[in-house]
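# A structural walkthrough
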Amino acid sequence: QVQLVESGGGLVQAGGSLRLSCAASGRTFSTYFMGWFRQAPGKERELVAALSRYGGSTYYLDSVKGRFTISRDNAKSTVYLQMNSLKPEDTAVYYCAAGRKALISEYNYWGQGTQVTVSS
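In short, a report on the structure. (Residues numbered from 1 in each chain as written. Predicted model: local features only at pLDDT ≥ 70, side-chain atom pairs only at ≥ 80, totals over all residues. Heavy atoms only, no water.)

### Side note on the sheet that holds strand E1 (residues 4-7)
In spatial order, the strands read E1-E3-E8-E7; together these 4 strands make up an open sheet with antiparallel pairing. Pairing within the sheet leaves two strands with one partner each, and these edge strands are E1 and strand E7 (68-73). Recorded for the sheet is a direction-independent mean angle of 15° between the axes of neighbouring strands. Sheet analysis places E1 next to strand E3 (residues 18-24), joined by 4 bridges and oriented antiparallel. Looking across to E3, one finds that valine 5 is bridged to alanine 23. (Pairing = 2+ DSSP bridges. Helix = DSSP H or I, 4+ residues; strand = E, 2+ residues; numbered from the N terminus. Axes fitted to C-alpha atoms, helices over the stretch in contact; angles between N-to-C directions.)

What follows is the structure, given as structure tokens:
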């Protein structure tokens, strides 16, 4: 089992940047696929970016390609989401998640979420 704690959310103007971090507990971080999801009010949760165990494979939602970058530091048990050129439609609660089975599905462990608000 793994516990996840996100940080780095906040309020930013359109065009700005934020870097989200997600710190994981335990010694098995490198055995997990890691993903960042988001959920905006009235919308379903969506997978924004995902990264395989050692970073060899990635997934990005089409709307964030070229703007967001997911990375991980297995020595620090931390996954990051660098968000550049932010848009108001990126406003949402962002969640870090971990899973062991696949890159884009079956995430079993979730953080508490961090709010990202992009003003126009």
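### Regarding the pairing of strand E4 (residues 33-39)
Of all 7 residues in E4, 6 are buried; the element is thus mostly enclosed. Inspection of the sheet shows E4 paired to strand E9 (residues 92-99) by 7 bridges, in the antiparallel sense. Its bridge partner lying in E9, arginine 38 is registered against tyrosine 94. In this sheet, strand E5 (residues 46-51) lies alongside E4 in antiparallel orientation, the contact comprising 5 bridges. In the sheet register, glycine 35 faces E5, and the bridge partner there is alanine 50. (Buried < 20%, exposed > 50% of the residue type's maximum accessible area, 1.4 Å probe, protein only.)

### Quick word on the pairing of E5
Along E5, 5 of the 6 residues are buried, which leaves the element largely enclosed by surrounding structure. When E5 meets strand E6 (residues 58-60), the two strands line up antiparallel, connected through 3 bridges. Bridge pairing links leucine 51 to threonine 58 in E6. Counted along the chain from E5 to the antiparallel partner E6, the turn is 6 residues long, and its residue glycine 55 has a positive phi close to 85°.

### Observations concerning the state of the cysteines
Summed over all chains, the structure comprises 1 disulfide. The disulfide bridge from cysteine 22 ends at cysteine 96, spanning 2.1 Å between sulfur atoms. A torsion of -80° about the S-S bond marks the disulfide between cysteine 22 and cysteine 96 as left-handed. Residue cysteine 22 is located in strand E3, and its partner cysteine 96 is located in strand E9; the two are separated by 74 residues in the primary sequence. In terms of burial, cysteine 22 and cysteine 96 fall into one category: buried. (Disulfide = S-S within 2.5 Å.)

### Topic: the environment of phenylalanine 68
Tracing the backbone through its elements, the reader meets phenylalanine 68 in strand E7. Overall, the relative accessible area of 3% leaves phenylalanine 68 in the buried class. Separated by 50 residues in the primary sequence, phenylalanine 68 and leucine 18 place their C-alpha atoms 9.7 Å from one another.

### Concerning the packing of aromatic side chains
Per the counting criterion, the structure on display carries 3 aromatic pairs. Centroid distance tyrosine 32 to tyrosine 109: 5.9 Å. Interplanar angle 85°. Geometry classified as edge-to-face. A residue pair is termed long-range when its members are at least 10 positions apart, and tyrosine 32 in the loop between E3 and E4 and tyrosine 109 in strand E10 (residues 109-110) qualify at 77 residues. Under the relative-accessibility criterion, tyrosine 32 is labelled buried at 1%. Judged by centre distance (4.7 Å) and plane angle (55°), the rings of phenylalanine 37 and tryptophan 110 are tilted. Of the two residues, phenylalanine 37 sits in strand E4 while tryptophan 110 sits in strand E10, which places them 73 residues apart along the sequence. Lying across the ring of tryptophan 110, arginine 45 places its NZ or CZ 3.9 Å from the centre. (Phe/Tyr/Trp six-rings, centres within 6.5 Å; stacked < 30°, edge-to-face > 60°. Lys NZ or Arg CZ within 6 Å of the ring centre and 35° of its normal.)

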